[in-house]
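# A look at the structure
Letter by letter, the chains look like this.
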Amino acid sequence: MELSCAFPPMPDTPRHIARAEELGYARAWVFDTPALQLDVWMTLALAAERTSRIRLGPGVLIPSLRHPMVTAAAIAHLVQLAPGRVDIGVGAGFTGRNAMGQRGLRWRDVAGSVRTVQALLRGETVEVEGAPVRMLHWPGQAPDRPIEVPWKVAVGGPKGMAAARELGCGVFVSRPGPGSRFEDLPSVTAMVSGTLLQPGEAPQAERILDAVGPGIAVRYHMAYESGRREAIAEWPNGERFLELVDALDPAGRHLALHEGHLSRLNPIDRQVIDADALALSPLLCGEGELPGWIAQFEPMGVTELAYEPFGDIEAELERFARAAGLT
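Residues numbered from 1 in each chain as written. Predicted model: local features only at pLDDT ≥ 70, side-chain atom pairs only at ≥ 80, totals over all residues. Heavy atoms only, no water.

The next subject is helix 2 (residues 40-50). Of all the positions in helix 2, only Val40, Trp41, Thr43, Leu44, Ala47 and Ala48 are classed as buried. Buried residues of helix 2 fall within an arc of 160° about the axis and therefore sit on the same side. Of the exposed residues in helix 2, the ones pointing more than 90 degrees away from its buried face are Met42 and Glu49. Buried residues along helix 2 sit in contact with helix 1 (13-23), strand 2 (27-30), strand 3 (55-58), helix 3 (68-81) and strand 4 (88-90). Two or three places before Trp41, at the start of helix 2, stands the capping residue Asp39, its side-chain oxygen 3.0 Å from that residue's backbone nitrogen. (Buried < 20%, exposed > 50% of the residue type's maximum accessible area, 1.4 Å probe, protein only. Helix = DSSP H or I, 4+ residues; strand = E, 2+ residues; numbered from the N terminus. Arc of directions from axis to C-beta. Contact = heavy atoms within 4.5 Å. Polar contact = N/O pair within 3.5 Å; in protein donor to acceptor, adjacent residues only side chain to side chain.)

This is the structure in structure tokens:
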């Protein structure tokens, strides 16, 4: 099973990806979160210039944010910068759309967008917005077509899984638990976050909250956007979270709910994510326990773990790599 990492596109992310390569991570995924952080493609291009081995890719693109030709050209450019080490992830849009007040895309539209971009990368002519389009790049302006890259789809239920199987793609999954099984798929990437306790370190330490809190907050945000109020109510301080978010002006609720998402705790999160809520983190154990924790994913069919570090990013990357035996 491969061990990779995932980051929001922030100013230091290219440097963090270069450090991840030094530490032995197989792949670096970068989120497509323009309302919250910087541009995914610029971040990946800067990372490509600073690395030579680690595989790179958006994890995951939101099709509605760009014309298919723009996406095809961006993929071609990244392939030009990092030949043989590009992977593409795509999804219906949780953070990338919800943070702008929009619902996720229909899966049939996601699948259609993927097929369109794939056809463009093969050099085919396709119809977009009622007109035929094709990559018109002359030799030397982009890699020769066809441009072949592996694709993954971020799934959260049966419709997403069906779309992935229809496309013949691998999948991203979040927080798979005991009993999860993934079959007949080219690859399965599990996105995980958390931290490793140091000897004598209390789980309630401020460092732990910085490293674990953002990942837990995402769980509350996602459940709220999905209408899973009963689940939230069962979580630590869940009723308080619902009270705080429900009190916001519905027209701009998404702005306060997603503030700081994937990087730090916002004012609402800080009233909810406490020592009790840390139990919701998928990873919170000592370094010696990490190999056993990783091993639980192999029987599920997971082929890649993508670790999302928060807090002191480089320190978290180094701890995880050391405990996992990468370095």
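Time to look at the packing of helix 1 against helix 12 (residues 313-324). When two helices pack together, their arrangement is captured by the angle between the axes and the distance separating the axes. Running from N to C, helix 1 and helix 12 cross one another at 15°; their axes reach a closest spacing of 10 Å. On the basis of the axis angle, helix 1 is roughly parallel to helix 12. As for how helix 1 packs across helix 12, the hand of that crossing is right-handed. Contacts between helix 1 and helix 12 pair Arg15, His16, Arg19, Ala20 and Leu23 from the former with Ile313, Glu314, Leu317, Glu318 and Ala321 from the latter. Tallied by class, residues from the contact of helix 1 with helix 12 come to five nonpolar, one polar and four charged. (Axes fitted to C-alpha atoms, helices over the stretch in contact; angles between N-to-C directions. Parallel < 35°, antiparallel > 145°, perpendicular 65-115°, else oblique. Left-handed = near helix turned anticlockwise from the far one by under 90°. Nonpolar A, V, L, I, M, F, W, Y, C, P; charged D, E, K, R; others polar.)

This paragraph deals with the packing of aromatic side chains. One pass over the structure, following the stated rule, counts seven aromatic pairs. Between Trp29 and Phe172 the ring centres are 4.7 Å apart and the planes differ by 75°, which places this aromatic pair in the edge-to-face class. Placement of the pair is Trp29 in strand 2 and Phe172 in strand 8 (residues 170-174), with a sequence separation of 143 residues. Judged by its relative accessible area of 0%, Trp29 is buried. With a centroid separation of 5.0 Å and 70° between ring planes, the pair formed by Trp293 and Phe297 is classed as edge-to-face. These aromatic residues form a ring-pair network of at least three members: Tyr220, Tyr224, Trp235 and Phe241. (Phe/Tyr/Trp six-rings, centres within 6.5 Å; stacked < 30°, edge-to-face > 60°.)

Once that is clear, we can look at the pairing of strand 3. When strand 2 meets strand 3, the two strands line up parallel, connected through four bridges. Bridge pairing in strand 3 links Arg27 to Arg55. (Pairing = 2+ DSSP bridges.)

Here we take up the pairing of strand 7 (residues 151-154). Pairing of strand 4 with strand 7, which is carried by three bridges, proceeds in the parallel orientation. Bridge pairing in strand 7 links Gly89 to Lys152. In this sheet, strand 8 lies alongside strand 7 in parallel orientation, the contact comprising three bridges. When the sheet's bridge partners are listed, Lys152 is paired in strand 8 with Gly170. Each parallel crossover has a hand, and the one from strand 7 via helix 6 (residues 158-167) to strand 8 is right-handed. (Right-handed = clockwise from strand over helix to strand, strands pointing away.)

In this section: the side chain of Arg319. Inspection of the secondary structure puts Arg319 in helix 12. When near neighbours in sequence (up to four residues on either side) are disregarded, Arg319 contacts Leu196, Gln198, Arg207 and Glu287.

Relative to the helices and strands, Leu36 is located in the loop between strand 2 and helix 2. For Leu36, a relative accessible area of 25% puts it in the partly exposed group. Taking the C-alpha atoms as reference, Leu36 lies 34 Å from Glu289; in sequence the two are 253 residues apart. Setting aside residues up to four positions removed in sequence, Leu36 forms contacts with Thr95, Ala99, His258, Gly260 and His261.

Worth remembering: the numbers are spatial, not functional.
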